[in-house]
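Chain residues, written in single-letter form:
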Protein chains: 2
Amino acid sequence: MDDGFPRIISVDDHVIEAPHVWQTYLPERFRAEGPRVERSGVSRMGNVGGVYSWEEDPSATPCDFWLFEDRRYPMTRVMAAAGLPREEVTVSPVTFEEMRPGCYDPAARLADMETAGIEASLSFPTFPRFAGQAFSETNDRDLGFACIQAYNDWMVEEWCADPRMVPITLVPFWDPQLAAGEVRRNAARGVRAITFSEIPAYLGWPSIHDVDRYWDPLFAACAETGVVVCMHIGSGSRMPSTSADAPPAVQSTATFTNCMLSLCDWLFSGVLERYPTLKIAYSEGQIGWIPYILERADHVWESNRAWGGVADLLPDPPSTYFSRQVFGCFFSDRFGLENLADIGEDNVMFECDYPHSDSTWPDTQDVARELTFGLEPAVVEKIMRGNAIELFGLRDRIPGLQTAGA
Amino acid sequence: MDDGFPRIISVDDHVIEAPHVWQTYLPERFRAEGPRVERSGVSRMGNVGGVYSWEEDPSATPCDFWLFEDRRYPMTRVMAAAGLPREEVTVSPVTFEEMRPGCYDPAARLADMETAGIEASLSFPTFPRFAGQAFSETNDRDLGFACIQAYNDWMVEEWCADPRMVPITLVPFWDPQLAAGEVRRNAARGVRAITFSEIPAYLGWPSIHDVDRYWDPLFAACAETGVVVCMHIGSGSRMPSTSADAPPAVQSTATFTNCMLSLCDWLFSGVLERYPTLKIAYSEGQIGWIPYILERADHVWESNRAWGGVADLLPDPPSTYFSRQVFGCFFSDRFGLENLADIGEDNVMFECDYPHSDSTWPDTQDVARELTFGLEPAVVEKIMRGNAIELFGLRDRIPGLQTAGA
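Residues numbered from 1 in each chain as written. Chains lettered and ligands numbered in written order. Predicted model: local features only at pLDDT ≥ 70, side-chain atom pairs only at ≥ 80, totals over all residues. Heavy atoms only, no water.

**Examining the relation of the copies chain B and chain A**
For step 1, the next point in the chain: Aligned on chain A, chain B shows an RMSD of 0.0 Å; the corresponding rotation is 180° and the shift along the axis is 0.0 Å. What the superposition gives is, in effect, a two-fold axis relating one chain to the other. Using C-alpha coordinates, one finds that chain B approaches the rotation axis most closely at Trp-289 of chain B, a distance of 2.6 Å.
For step 2, the next point in the chain: Counting the interface residues of chain B, we find that 100% of their copies in chain A are interface residues as well, pointing to one common contact surface. (Least-squares fit on C-alpha atoms with pLDDT ≥ 70 in both. Contact = heavy atoms within 4.5 Å.)

Next comes the structure, spelled out in structure tokens:
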């Protein structure tokens with residue numbers, strides 16, 4: 001259907017790392033210890049609050065696992081759901097052969113993107129988790145950093161060999177100077193995004209409020225190189241939970257919670273004041289809740305000024321920093337789009353979430369067309385691609401890219 | 001200023017329990033063990049995430065404490081802020097003499113309500129905490145239940161002797177049959193509200209999803225007697241937190257988090273389907289985030305139907321139950337009011353939050369007038385009083401009450 005609807009730039013998809021990533025890209029001395037894939041039979045697989053459980057059973061369903069140090073990371077159908085009938089998308093084992101190749105193969109991914117009218121895509125990691133936490137959890141810092149650099153090299157050289165694949169790289173959390181160096185190394189070869197934790201304190205790292213400004217070397221490097229700090233829901237390794245017996249629908253509805261808390265953190269942290277060119281982007285957090293938060297944050301800022309403290313960190317109301325430096329994205333959020341004026345038409349992008357169970361693929365164009373029905377074409381253009389083009393510098397990256405001004 | 005703006009019914013205020021409450025209303029055999037007030041000097045008072053800390057210091061600022069069993073509950077200026085200049089509203093000790101009498105004296109409260117154009121008010125407890133948690137935490141069940149009944153008797157007989165004071169009573173959490181009996185005892189004398197925990201599992205009690213339907217006797221009694229289940233923010237004894245060093249403004253902005261999570265719980269619990277006449281009301285949670293949640297919940301419900309499970313509990317989309325049985329309230333939320341059509345003009349009420357630091361008293365009428373500017377007078381009437389009159393049955397309670405139809 002060619003009705004002039006813009007070709008989409010999806011700012012939140014996921015790559016299932018192919019088995020060769022670390023075995024090819026790690027320096028040879030680290031390969032034996034590096035992440036690798038093994039297969040075993042598994043039964044009774046479960047997932048409560050992001051923690052997987054299973055029983056080994058050689059005669060049961062085969063599952064491909066990532067092995068790294070003493071941990072095993074199972075692959076499941078919910079993380080590789082693209083193309084599966086809805087009733088097969090469950091927390092159950094999966095092997096690479098059962099997955100749609102677009103999960104792990106960039107050429108197949110590009111073909112799947114084409115099918116759904118998606119021109120470019122930015123993909124978060126899977127096995128190392130959304131902010132690459134696994135490599136900052138190891139006590140062997142040399143190995144951890146080698147794994148981060150190997151992932152980044154594979155991301156840039158192989159996954160993103162075609163410029164329509166937009167690279168997003170990992171940073172080490174234990175050494176912000178080292179992280180800053182890695183940001184600069186990748187920025188020099190065109191990378192404009194890192195994946196960071198929405199709430200690093202949940203992972204045991206200093207918060208962004210840290211009195212010693214632990215993260216500032218990293219934020220300074222990002223601000224200086226135009227690298228966007230992207231934060232995916234769940235990148236604090238914690239999902240909202242009310243009780244162990246709550247149905248999964250409760251968590252699924254409230255899935256934006258930590259993204260919202262992270263936004264509150266950033267708005268009151270002073271980081272956006274200290275680094276006025278730094279940009280941050282939330283992934284899979286949706287947008288319809290943002291106007292409430294901005295109004296409330298401004299109200300709290302106004303009240304707290306009298307008590308002192310906040311005024312030193314934030315000379316302007318929190319919503320000012322949002323407009324200037326924060327981006328949200330959505331996959332299905334009619335209410336958010338109806339209230340775009342209270343969020344900002346320059347601050348919103350669209351995502352496909354391939355190959356997760358929430359993904360709209362292959363109907364992404366139809367979903368986008370329906371969601372944006374009635375909006376001005378120029379606004380639809382911004383949300384579907386223009387804002388992502390600006391934020392991630394894609395005009396320089398993708399030859400012949402159609403842009404609104406062109 | 002008499003411009004015809006409706007006299008307000010505030011559905012969320014707070015009573016500071018006067019020192020005599022339990023010493024007068026407990027049966028004599030419990031009085032020695034019952035809650036009582038003592039004064040001591042205190043320095044270095046702090047509050048992190050709702051947990052108070054202080055140092056005893058006879059020569060320092062005097063503080064009135066509630067004593068119950070082996071715990072001490074300090075009184076602070078933030079909980080008794082009415083009439084204090086903004087710069088004096090801090091987490092610091094306070095005594096009864098320093099408080100505005102409207103905090104603890106019903107006649108003085110009525111006079112303060114009059115000043116602010118508030119016709120009727122519903123007040124949550126302070127020292128036992130918002131859902132009366134303190135009395136369900138004691139291991140002496142007889143004492144705990146006696147304290148609950150004493151509070152309820154004082155609430156009905158003394159605090160609410162004037163019908164413009166709307167009673168809200170406590171229930172025991174350890175025995176839902178006993179709780180149901182207490183609901184019926186109070187309903188028989190005109191009580192139409194209980195205070196319940198937004199997330200009982202956070203307090204160690206079964207969740208509302210409990211497979212054995214632990215809470216059903218209580219919910220059945222409330223549905224049968226028209227008693228509203230009111231849930232105040234913080235009534236799960238947990239406030240949202242990102243890190244210990246986050247400025248208070250972060251928590252203050254995100255203060256609706258557990259209210260939002262509770263709503264997700266209730267929408268997917270099946271309780272509102274099982275008890276179609278049961279009404280629940282959220283206090284101090286505001287409303288501007290509700291449309292996003294309803295849209296997302298309906299979307300998740302639609303997706304999850306295919307996986308099974310949810311369809312058995314909820315034949316209709318979650319938003320159906322919201323419209324029929326759930327009420328929100330706000331004190332300052334322009335965005336929520338602009339989107340009233342997506343929440344429901346019959347589902348929203350207003351609150352003053354006297355005597356807390358967020359309270360609009362004594363400017364409540366002006367704030368309300370400004371917030372509702374441009375809304376239809378009939379809608380303003382509903383939000384400011386009509387919905388509360390219906391929900392809490394105030395037409396029968398308050399003689400000569402002006403109502404929209406009258």
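**Here's the deal with the interface of chain B and chain A**
For step 1, the next point in the chain: On the side of chain A, 54 residues touch chain B, which itself brings 54 residues to the contact.
For step 2, the next point in the chain: Per-residue buried area on chain B facing chain A is highest for Thr-253, Tyr-292 and Arg-296 of chain B; these three make up 16% of the total on that side.
For step 3, the next point in the chain: At the surface where chain B touches chain A, the tally comes to four salt bridges.
For step 4, the next point in the chain: Summed over the shared surface of chain B and chain A, the result is 19 residue pairs in polar contact (both at pLDDT 80 or more).
For step 5, the next point in the chain: Here the side of chain B that touches chain A takes ten residues from helix α10 (residues 290-305) of chain B, the largest share from any one element.
For step 6, the next point in the chain: When its residues are assigned to classes, the side of chain B that touches chain A shows 26 nonpolar, 17 polar and eleven charged. (Buried area = accessible area lost by both parts, 1.4 Å probe. Salt bridge = Lys/Arg side-chain N within 4 Å of Asp/Glu carboxyl O. Polar contact = N/O pair within 3.5 Å; in protein donor to acceptor, adjacent residues only side chain to side chain. Helix = DSSP H or I, 4+ residues; strand = E, 2+ residues; numbered from the N terminus. Nonpolar A, V, L, I, M, F, W, Y, C, P; charged D, E, K, R; others polar.)

**Side note on the confidence of the model for chain A**
For step 1, the next point in the chain: Summing up the model confidence of chain A, the mean pLDDT is 94 and the portion of residues at 70 or higher is 98%.
For step 2, the next point in the chain: Predicted complex metrics record ipTM = 0.95 and pTM = 0.96. (pLDDT = per-residue confidence, 0-100.)

**Examining helix α15 (residues 377-391) of chain B**
Residues and elements named next belong to chain B.
For step 1, the next point in the chain: Between its terminal C-alpha atoms α15 stretches 20 Å, which fits the 21 Å expected from 15 residues at 1.5 Å a residue.
For step 2, the next point in the chain: Looking at α15, one finds that the buried residues are Val-379, Val-380, Glu-381, Ile-383, Met-384, Arg-385, Gly-386, Asn-387, Ala-388, Ile-389 and Leu-391.
For step 3, the next point in the chain: Gly-393, located one to two residues past α15, shows a positive phi value of around 60°. (Expected span 1.5 Å × (residues − 1). Buried < 20%, exposed > 50% of the residue type's maximum accessible area, 1.4 Å probe, protein only.)

**Observations concerning the pairing of strand β10 (residues 280-283) of chain A**
Residues and elements named next belong to chain A.
For step 1, the next point in the chain: Burial along β10 is two-sided: the residues Ile-280 and Tyr-282 and Ala-281 and Ser-283 are all buried.
For step 2, the next point in the chain: Strand direction decides the pairing type here: β10 and strand β11 (residues 326-330), joined by two bridges, are parallel. When the bridges of β11 are listed, Ile-280 appears paired with Val-326. (Pairing = 2+ DSSP bridges.)

**Some remarks on the sheet that holds strand β4 (residues 61-68) of chain A**
All names here are of chain A.
For step 1, the next point in the chain: If you trace the four strands from one edge of the open sheet to the other, you get β3-β2-β4-β5, paired in antiparallel fashion. What marks the edges here is a single partner per strand, and that holds for β3 (51-56) and β5 (71-74). Strand-to-strand twist in this sheet, taken as the mean axis angle between neighbours without regard to direction, amounts to 60°.
For step 2, the next point in the chain: For β4 and β5, the ladder comprises four bridges, and the chain directions are antiparallel. For Phe-65, the partnering residue across the bridge sits in β5 and is Pro-74. (Axes fitted to C-alpha atoms, helices over the stretch in contact; angles between N-to-C directions.)

**Quick look at the packing of α10 of chain B against helix α12 (residues 318-325) of chain B**
All names here are of chain B.
For step 1, the next point in the chain: Taken N-terminus to C-terminus, the directions of α10 and α12 make an angle of 140°; their axes are 7 Å apart at the nearest point. In terms of orientation, α10 lies oblique with respect to α12. On α12, the residues that touch Ile-290, Leu-294, Ala-297, Asp-298 and Trp-301 of α10 are Pro-318, Ser-319 and Phe-322.
For step 2, the next point in the chain: Residues belonging to the contact of α10 with α12 are distributed by class as follows: six nonpolar, one polar and one charged. (Parallel < 35°, antiparallel > 145°, perpendicular 65-115°, else oblique.)

**Here's the deal with the pattern of salt bridges**
A side chain of one charge can pair with a side chain of the opposite charge when the charged atoms of the two come close.
All names here are of chain A.
For step 1, the next point in the chain: Counted by the stated rule, this structure contains 56 salt bridges over all chains.
For step 2, the next point in the chain: Residue Glu-390 is joined to Arg-395 by a salt bridge in which the shortest nitrogen-to-oxygen separation is 2.7 Å.
For step 3, the next point in the chain: Among the charged side chains, a salt-bridge network with shared partners connects Arg-7, Glu-114, Glu-119, Asp-162, Arg-164, Glu-381 and Arg-385.

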